[in-house]
Structures are given as structure tokens and as C-alpha cells.
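Here is how the chains run, residue by residue.
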Amino acid sequence: MRTIWGNMVQDGWTNELADNGYDIAGTLKFYNGRTIDKSKATALLGAYWHKVDRTLFGKAADKGYGVERWCFTEYGSDGQNLHVHFIAKSPIAVRPCCAVLNALWANLDTTTADVAHNWITPIRDTRAAI
């Protein structure tokens, strides 16, 4: 059971994220989220977002330009299936951006899940996506 404080914190985060124009939500999975080392997962996530920023912003990414995003690590209902949820603001048309994000994750490393197992899509209802 969540506490009143927990409800207030979650509601505050939901309001903050829902009111800021995020238009993409996604889940990035690993080939096997139960066996991937947390440090390797963190390194892959950093490499992924670096590649995303370089793909969409070119050399401007070296100057700090990039996709505005929030990432949330989760371990699934059994506490052992590591994966990452995120919301982001697309710098280009939303649907093509989702396709690019999916392709970059699926082809990043042998430990990242393929396109069929990830979920990166335009947000239709911001509050439901968070």
C-alpha cells in the first residue's frame, strides 16, 4: 500500500512530466533482462542516447544538443527483469523519430532486444503514458 507521501510524490512527477510536451514513450528491453549486468546495461543506455543524439543532431550533440528525455529503470514485477522506460520530446516528426529510436536500440548490441520486443511509440494520452 502506498503512503499519502508516496501518492503526493507520484502525482507531482506525473503532473510535471504530463504538462511539458513529451510526445514519445518507450520501453527499452534487453535480450535477457534477468542476466544482464547493471553496469553493462547503464553503459549501453548511455551509448544508445549518445547515438540517438548524434544521429538526430549531428556534431551539435557535442555541444549539448540532444533529445530531451526522462529515463526510469525498472526490474519488472518479479524484481529481476531489468528494462528502461522513457519519455522524450521528438525533434522531428514523431512517427519517423520512433522508427529511428527503435532501429538504433535494436541494432546497438547483441544484448539489446530486437524491434519486436521493444515498445517505442507516439504518446496519445500523456498521463496514461507516465
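In this report, the structure presented in the accompanying data block is examined. As the structure is a computational prediction, the values presented were derived from the model and not from experiment.

**Brief notes about the pattern of salt bridges**
Now for step 1: All chains considered together, the criterion is met by five salt bridges.
Now for step 2: The partner of arginine 69 in a salt bridge is aspartate 53, with the nearest N and O atoms 3.0 Å apart. One end of the pair, arginine 69, is in strand 2 (residues 69–74); the other, aspartate 53, is in helix 2 (residues 38–57), and 16 residues separate them in sequence.
Now for step 3: A salt bridge links arginine 54 to aspartate 62, with the nearest nitrogen and oxygen atoms 2.9 Å apart.

**A look at the packing of helix 2 against helix 3 (residues 94–106)**
Now for step 1: Following both chains from N to C, one finds helix 2 and helix 3 inclined at 140°, their axes separated by 10 Å at the closest point. Here helix 2 lies oblique to helix 3, going by the angle between them. The element helix 2 and its partner helix 3 pack so that their crossing is right-handed. Two secondary-structure elements touch here, helix 2 through Leu44, Leu45, Tyr48, Trp49, Lys51, Val52, Thr55 and Leu56 and helix 3 through Cys97, Val100, Leu101, Leu104 and Trp105.
Now for step 2: Here the residues of the contact of helix 2 with helix 3 sort into eleven nonpolar, one polar and one charged.

**Topic: helix 2**
Now for step 1: For helix 2, which comprises 20 residues, the first-to-last C-alpha distance of 28 Å matches the rise-based estimate of 28 Å (1.5 Å per residue) to within 8%.
Now for step 2: Here helix 2 has its buried residues at Ala41, Leu44, Leu45, Tyr48, Trp49, Val52, Asp53 and Leu56.
Now for step 3: Packing partners of the buried residues in helix 2 comprise strand 1 (24–29), strand 2, strand 3 (83–88), helix 3 and strand 4 (119–122).
Now for step 4: Of the residues one or two after helix 2, glycine 58 is the one with positive phi, at around 60°.

**Some remarks on the side chain of serine 90**
Now for step 1: Locating serine 90 in the fold gives a position in the loop between strand 3 and helix 3.
Now for step 2: At 2.5 Å, the side chain of serine 90 and the backbone oxygen of isoleucine 92 are in polar contact.
Now for step 3: In this structure serine 90 touches Asp23, Ile24 and Cys97, once residues within four positions along its chain are discounted.

**A short note on the nonpolar core**
Now for step 1: Core analysis: the biggest nonpolar cluster contains 22 residues, and Tyr48 and Leu101 have the highest contact counts within it.
Now for step 2: Counting only elements with at least two residues in this core, the list comes to strand 1, helix 2, strand 3 and helix 3.
Now for step 3: Ranked by the residues each element gives to this core, the list is headed by helix 2, at seven residues.
Now for step 4: The contact partners of tyrosine 48, leaving out residues within four places of it in the chain, are Leu28, Leu101, Leu104, Trp105, Leu108 and Ile120.

**Here's the deal with the sheet that holds strand 4**
Now for step 1: One open sheet holds the four strands; their spatial order is 2-3-1-4, and the pairing between them is antiparallel. A single partner strand is all that each edge strand has here, and the edge strands are strand 2 and strand 4. Taking the axes of each pair of neighbouring strands and ignoring which way they run, one obtains an average angle of 15° across the sheet.
Now for step 2: For strand 1 and strand 3, the ladder comprises six bridges, and the chain directions are antiparallel. In the sheet register, glycine 26 faces strand 3, and the bridge partner there is phenylalanine 86.

**Quick word on the packing of aromatic side chains**
Now for step 1: Enumeration over the complete set of coordinates arrives at four aromatic pairs.
Now for step 2: Measuring from ring centre to ring centre gives 5.0 Å for tyrosine 48 and tryptophan 49, while their planes differ by 65°; the resulting arrangement is edge-to-face. Accessibility assignment for this pair places tyrosine 48 and tryptophan 49 in one class, buried.
Now for step 3: One aromatic cluster in this structure is built from Phe30, Tyr48, Trp49, Phe86 and Trp105.
Now for step 4: The ring of tyrosine 22 has lysine 89 sitting right over it, with the charged end atom 5.2 Å from the ring centre.

Parameters at a glance
Counting of residues starts from 1 at the beginning of each chain's written sequence and follows it residue by residue. Side-chain atom pairs in this predicted model are given and counted only at pLDDT of 80 or more, local residue features only at pLDDT of at least 70, and totals for whole chains, interfaces and linings cover all residues. Side-chain descriptors were evaluated using all non-hydrogen atoms of the structure, hydrogens and water having been removed beforehand. Salt bridges are counted wherever a side-chain nitrogen of Lys or Arg sits within 4 Å of a carboxyl oxygen of Asp or Glu. The helix count covers DSSP runs of H or I at least four residues long, the strand count covers runs of E at least two residues long, and both are numbered beginning at the N terminus. Here the axes come from fitting lines to C-alpha atoms, over the contacting stretch only for helices, and the angles between their N-to-C directions go from 0 to 180 degrees. When describing relative orientation, an angle under 35 degrees is termed roughly parallel and one over 145 degrees roughly antiparallel, while 65 to 115 degrees is termed roughly perpendicular and anything else oblique. A crossing counts as left-handed when the near helix is turned anticlockwise from the far one by less than a right angle, and as right-handed when that turn is clockwise. Contacts are residue-level and defined by heavy atoms, with any inter-residue pair within 4.5 Å sufficient. Gly is put with the polar residues, along with every residue not named as nonpolar or charged; the nonpolar set is Ala, Val, Leu, Ile, Met, Phe, Trp, Tyr, Cys and Pro, and the charged set is Asp, Glu, Lys and Arg. The length a helix should cover is 1.5 Å for every residue beyond the first. Classification of residues uses two cut-offs on accessible area relative to the type maximum, computed with a 1.4 Å probe and protein chains only: under 20% is buried, over 50% is exposed, and between them is partly exposed. Throughout this description, a polar contact denotes any pair of N or O atoms lying within 3.5 Å of each other; where both atoms belong to protein, one of them has to be capable of donating a hydrogen while the other can accept it, and for residues adjacent in sequence the pair is counted only when both atoms sit in side chains. Here, the term nonpolar core denotes a set of buried Ala, Val, Leu, Ile, Met, Phe, Trp, Tyr and Cys residues that are joined through side-chain atoms within 4.5 Å. At least two DSSP bridges between two strands are needed for those strands to be called paired. Aromatic contacts are taken between Phe, Tyr and Trp rings whose centres are within 6.5 Å, Trp giving its six-membered ring; a plane angle under 30 degrees counts as stacked, one over 60 as edge-to-face, and the others as tilted. We call a charge positioned over a ring when the NZ of a Lys or the CZ of an Arg lies within 6 Å of the ring centre and within 35 degrees of the ring normal.

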